[in-house]
Every structure is written in C-alpha cells, then in structure tokens.
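Single-letter residue listing:
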Amino acid sequence: MKVICAGLSKTGTKSLASALRVLGYTVYDFPEHTSIHLDEWRAIYHEGETLDFATMYEGVDAITDLPAAFWLEEILQKFPEAKIILTVRDSDEVWVQSWVKHLQMTRDLDLFSKLAYLLCEKPRKLLDFYNAEDLAVYGSVNPTSTTLFKKKYNTHNERVKAVIPPEKLLVYNVKQGWEPLCKFLKVDVPSKDFPRENVGGSGRHGSIADYGLELKQKTTFFLLPTLLISIFLCLYFYSS
C-alpha cells in the first residue's frame, strides 16, 4: 500500500481514484470495496469482526473513499509507510450540500429499485451496509441533519491532521489538479488533463438504483416480447 485517501465521500474521491490510476496505481475505490469485500465490511459493523487489512489489500497500491477512510488508523497500522491524502472541499457548506444530495439519491428508490431490494440479496446487503456505515461516520442517515454532518466532516478532517505527521500528509482539493499531487507522490505530471469524475453526483457507482435499472431492463426484455406474442395469439385465435 502506497497511498491512503483519508477524505470522506463527496470530497473528490472519484477524481482522485481516476488520477491515481492514470499515474499507474492499482486503486480500490468504493465500487471495489463493496463488490469485493462487502461481507467483510458488514461484519465489522454488525458482528464485531477485526478485519485482516493486510490480506484484504494485498497487491493494492491505493485506497480511496469510505469505508476505508473511516478506518484510516487501523489500516495504517498494517501499512505504516503509506502516504496519506486528505481530500477536502472548498468549505463544509459546499461539502454538506453535495453529501445531502448523494444521501437522497441513494435512499430515494423508484419502483424497480424497491422491487430489486425486495427480490435480490445484494441490494438488501448494500442498503444495510450503507445505513451502518453512514450512521458510524456521519451519525445520521436523515438528509436534514446538516449541522451534525458538518460537525462530523470537520471532526474527521481535524483528526486526520492531528494523527498524521505533516511530511506524510497532503491536504488536497482536486481543483488543484496534478501539480501538488504529483509533487507529493514524487512522480512526473502526466500530459493528459486531470480527471473530473462524478461531478454533481452524476455517477451512482454501484448504488441500489443500478440494480433497479437492471431489473427494469430485464423485465422489458422478457415481458414485452411475451406480451406482444400473447396479443398476437389472441388476435389470431379470435379471428379464426
């Protein structure tokens, strides 16, 4: 492990993950955390498990976003040489607006997403994990808890700055682009533009809504032809 991103969600973690991949790092971001190690993370929240981070992240160069950012100190014990990047927004008010939008998006489920939740195990596990994680990190899953969210955001950031030596820590806004990131990591600045990912919450990245969309597509694919064939047969036999 070379790099641990200690920034909370909605602080540019998707852009940072993409940037690190451009620089040649193998990165575990939120989709990897939840697709590869979902059961392990649920176990730490619900069953008091102590996770083997050294095995979980064997061969991984960098980790970004939650849940890893919340368990920074425990992960750092296994990878003491890792550098830490604390991604931040322009202000806690800018961050909380983005977080509330994300919270609403991941909980406001349409009909097919609700059906996917009822019919499929993975969406149920995901929502269970979301709730456990968000309660642990932010203290609430209520989108109106903005004062609490800002307190948690600021407390987390101050904690990271307090426990990480300055020479190992980069406090970083992705608006700053390549220069401070590459200087901190001691790598050359790439010729391509710095990636801008999930701007305005445009990406869902494995949300329950994705499973709803998949269910809707499958339903349309199977039921629509069946319905058309049934109509055709009814008309055929009626005309006969």
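Residues numbered from 1 in each chain as written. Predicted model: local features only at pLDDT ≥ 70, side-chain atom pairs only at ≥ 80, totals over all residues. Heavy atoms only, no water.

## Details of the overall build of the protein chain
Reasoning step 1: If you tally the helices and strands in the protein chain, you get 11 helices and five strands.
Reasoning step 2: Looking at the 240 residues of the protein chain, the share that counts as buried comes to 45%.
Reasoning step 3: Nonlocal contacts in the protein chain, meaning residues at least 24 apart in sequence, comprise 74% of its contacts between residues at least 6 apart.
Reasoning step 4: Surface accessibility of the protein chain: about 12,900 Å² in total, with carbon and sulfur atoms responsible for 56%. (Helix = DSSP H or I, 4+ residues; strand = E, 2+ residues; numbered from the N terminus. Buried < 20%, exposed > 50% of the residue type's maximum accessible area, 1.4 Å probe, protein only. Contact = heavy atoms within 4.5 Å. Areas by Shrake-Rupley, 256 points an atom, 1.4 Å probe, with all protein chains shown as cover.)

## A word on the nonpolar core
Among soluble globular proteins, nonpolar side chains are generally buried collectively.
Reasoning step 1: Ranked by internal contacts, the top residues of the largest apolar core, which has 45 residues, are Ile 4, Trp 41, Phe 53, Tyr 57, Ile 63, Ile 75 and Ile 84.
Reasoning step 2: Broken down by secondary-structure element, the contributors of at least two residues to this core are α3 (38-46), α4 (53-56), α5 (72-78), β4 (83-87), α6 (92-107), α8 (121-138) and α9 (146-163).
Reasoning step 3: No other element matches the seven residues that α8 contributes to this core.
Reasoning step 4: When sequence neighbours within four positions are dropped, the list of residues in contact with Ile 75 reads Ile 4, Phe 53, Tyr 57, Ile 63 and Ala 68.
Reasoning step 5: Counting residues in each nonpolar core, the second largest holds 20 residues, with Ala 17, Leu 23, Tyr 25 and Leu 170 among its members. (Core = buried A, V, L, I, M, F, W, Y, C linked by side-chain atoms within 4.5 Å.)

## Regarding the layout of surface pockets
Reasoning step 1: Roughly 230 Å³ of volume is contained in the second largest pocket.
Reasoning step 2: Counting residues per element, the lining of the second largest pocket draws most heavily on α9, at five residues.
Reasoning step 3: Considered class by class, the residues forming the lining of the second largest pocket number seven nonpolar, two polar and four charged. (1 Å grid on protein atoms, 1.4 Å probe; cavity = no way out; pocket = protein on both sides within 12 Å on 5 of 7 lines; lining within 4 Å. Points joined across faces, edges and corners; volume = space filled by probe spheres on them. Nonpolar A, V, L, I, M, F, W, Y, C, P; charged D, E, K, R; others polar.)

## What to know about the pattern of salt bridges
Reasoning step 1: Scanning all chains against the criterion turns up nine salt bridges.
Reasoning step 2: One salt bridge in this structure joins Asp 29 and Lys 14, with 3.2 Å as the shortest N-O distance. Placement of the pair is Asp 29 in the loop between β2 (27-28) and α2 (30-36) and Lys 14 in helix α1 (residues 13-22), with a sequence separation of 15 residues. Take Asp 29 and Lys 14: they sit in the same class, and that class is buried.
Reasoning step 3: Where Asp 128 meets Arg 42, a salt bridge forms, and the shortest distance between an N and an O atom there is 3.1 Å. Taken together, the residues Asp 128 in helix α8 and Arg 42 in helix α3 connect sequence positions 86 residues apart.
Reasoning step 4: Relative accessible area serves as the criterion here: at 26%, Asp 128 is assigned to the partly exposed category.
Reasoning step 5: A relative accessible area of 21% means that Arg 42 is categorised as partly exposed. (Salt bridge = Lys/Arg side-chain N within 4 Å of Asp/Glu carboxyl O.)

## Quick look at the side chain of His 37
Reasoning step 1: Mapping His 37 onto the fold places it in the loop between α2 and α3.
Reasoning step 2: The exposure class of His 37 is buried, given its relative accessible area of 8%.
Reasoning step 3: Setting aside anything within four residues of it in sequence, one finds His 37 in contact with Tyr 28, Glu 32 and Met 56.

## A look at the sheet that holds strand β1 (residues 3-5)
Reasoning step 1: Strands sit in the order β2-β3-β1-β4-β5 across an open sheet of five strands; the sheet is parallel. In the strand order of this sheet, the two ends are held by β2 and β5 (169-172), each with one partner.
Reasoning step 2: In terms of strand pairing, β1 meets strand β3 (residues 62-63) through two bridges, oriented parallel. Residue pairing across strands places Ile 4 opposite Ile 63, the latter belonging to β3.
Reasoning step 3: Of the strands in this sheet, β4 and β5 touch α9, which is tilted by about 155° from β4. (Pairing = 2+ DSSP bridges. Axes fitted to C-alpha atoms, helices over the stretch in contact; angles between N-to-C directions.)

## Topic: α3
Reasoning step 1: Within α3, burial applies to Leu 38, Trp 41, Ala 43, Ile 44 and Tyr 45.
Reasoning step 2: With its phi angle positive at about 70°, Gly 48 sits one or two positions after the end of α3.

## Focus on the packing of aromatic side chains
Reasoning step 1: According to the stated counting rule, one finds 17 aromatic pairs in the structure shown.
Reasoning step 2: Centroid distance Tyr 45 to Phe 129: 6.2 Å. Interplanar angle 55°. Geometry classified as tilted. Of this pair, Tyr 45 sits in helix α3 while Phe 129 is found in helix α8, placing the two residues 84 residues apart along the sequence.
Reasoning step 3: On the accessibility criterion, Phe 129 (1% relative accessible area) is buried.
Reasoning step 4: For the pair Trp 178 and Phe 194, a centre-to-centre distance of 5.0 Å together with 70° between the ring planes defines the contact as edge-to-face. With a gap of 16 residues between them, Trp 178 in helix α10 (residues 178-185) and Phe 194 in the loop between α10 and α11 (208-239) connect regions that are remote in the sequence. For the pair shown, Trp 178 and Phe 194 are each scored as buried.
Reasoning step 5: Grouping aromatic residues by their ring pairs yields a cluster made of Phe 30, Tyr 45, Phe 70, Trp 71, Phe 129 and Tyr 130. (Phe/Tyr/Trp six-rings, centres within 6.5 Å; stacked < 30°, edge-to-face > 60°.)

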